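# Coordinate analysis (summary)
The residues making up each chain are set out below.
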Amino acid sequence: MNQDMALRWVWKADRDFLLAAQLNETFSDMAAYHYQQAAEKYLKAFLSFHQVGLKKTHNIGTLALQASNIDPEFAKLVTVADVDAITEFATLFRYPNEEEVDFPDPAELQEAKNFCEAAKKMVLERITL
């Protein structure tokens, strides 16, 4: 168990989550990015707590799958939202793109928030900080 590193991941995740909530609809592109980042960091906190070596990835589906190897309940996370779409929020709205998709629609933003909240709850119920 690596409690110290897990705590640091949660601290960073909480900051992303709070920032996303403040940005929410006014700056939905940045809110989507920070919800993705928060979800990623909550999952990395769980994996770090269980001393799973972390690889550089933004793929929250992959992280949830890794977490499900420790606790099968994490497999349910992939039913909360389209994890591939949320994973794309790590880069999709941060830079100009050829598809001219600069903002998530309200449903996509809500889905990212719901996933983040579910990941946060699941992680914080399972690790002791």
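A short tour of the structure in this document, coming up.

### Here's the deal with the pattern of salt bridges
Inspection of every chain in the model, using the stated rule, returns seven salt bridges. Among the salt bridges present, the one from lysine 41 reaches aspartate 16, with a minimum N-O distance of 2.5 Å. Separated by 25 residues along the polypeptide, lysine 41 in helix H2 (residues 28-49) and aspartate 16 in helix H1 (residues 3-23) bring together distant segments of the chain. Lysine 44 serves as the salt-bridge partner of glutamate 40, at 2.9 Å between the closest nitrogen and oxygen. On the criterion of helical spacing, the pair formed by glutamate 40 and lysine 44 is a turn pair, its members being four residues apart in helix H2. When sorted by exposure, glutamate 40 lands in the same class as lysine 44, which is buried. Shared partners join several salt bridges into a network, and the residues in it are Asp71, Lys121, Glu125 and Arg126.

### What to know about the side chain of aspartate 71
The topology assignment puts aspartate 71 in the loop between helix H3 (60-68) and helix H4 (83-88). Side-chain polar atoms of aspartate 71 contact the side chain of arginine 126, separated by 2.5 Å. Not counting the four nearest positions on each side in its chain, aspartate 71 is found in contact with Phe46 and Arg126.

### Side note on the packing of aromatic side chains
Inspection of every chain in the model, using the stated rule, returns three aromatic pairs. Centre to centre, the rings of phenylalanine 46 and phenylalanine 74 are 4.3 Å apart; their planes meet at 35 degrees, and the pair counts as tilted. With a gap of 28 residues between them, phenylalanine 46 in helix H2 and phenylalanine 74 in the loop between H3 and H4 connect regions that are remote in the sequence. For phenylalanine 46, a relative accessible area of 1% corresponds to the buried category.

### Describing H1
Since the α-helix turns once every 3.6 residues, residues separated by three or four places project in the same direction. With 21 residues, H1 should reach 30 Å at 1.5 Å per residue; the first-to-last C-alpha distance of 30 Å fits that figure. Taken as a whole, H1 has its buried residues at Ala6, Val10, Ala13, Asp16, Phe17, Ala20 and Leu23. For H1, the angular spread of the buried residues around the axis is 155 degrees, confining them to a single face. Away from the buried face of H1 by more than 90 degrees, exposed residues Leu18 and Gln22 are located.

Calculation rules
Residues numbered from 1 in each chain as written. Predicted model: local features only at pLDDT ≥ 70, side-chain atom pairs only at ≥ 80, totals over all residues. Heavy atoms only, no water. Salt bridge = Lys/Arg side-chain N within 4 Å of Asp/Glu carboxyl O. Helix = DSSP H or I, 4+ residues; strand = E, 2+ residues; numbered from the N terminus. Buried < 20%, exposed > 50% of the residue type's maximum accessible area, 1.4 Å probe, protein only. Polar contact = N/O pair within 3.5 Å; in protein donor to acceptor, adjacent residues only side chain to side chain. Contact = heavy atoms within 4.5 Å. Phe/Tyr/Trp six-rings, centres within 6.5 Å; stacked < 30°, edge-to-face > 60°. Expected span 1.5 Å × (residues − 1). Arc of directions from axis to C-beta.

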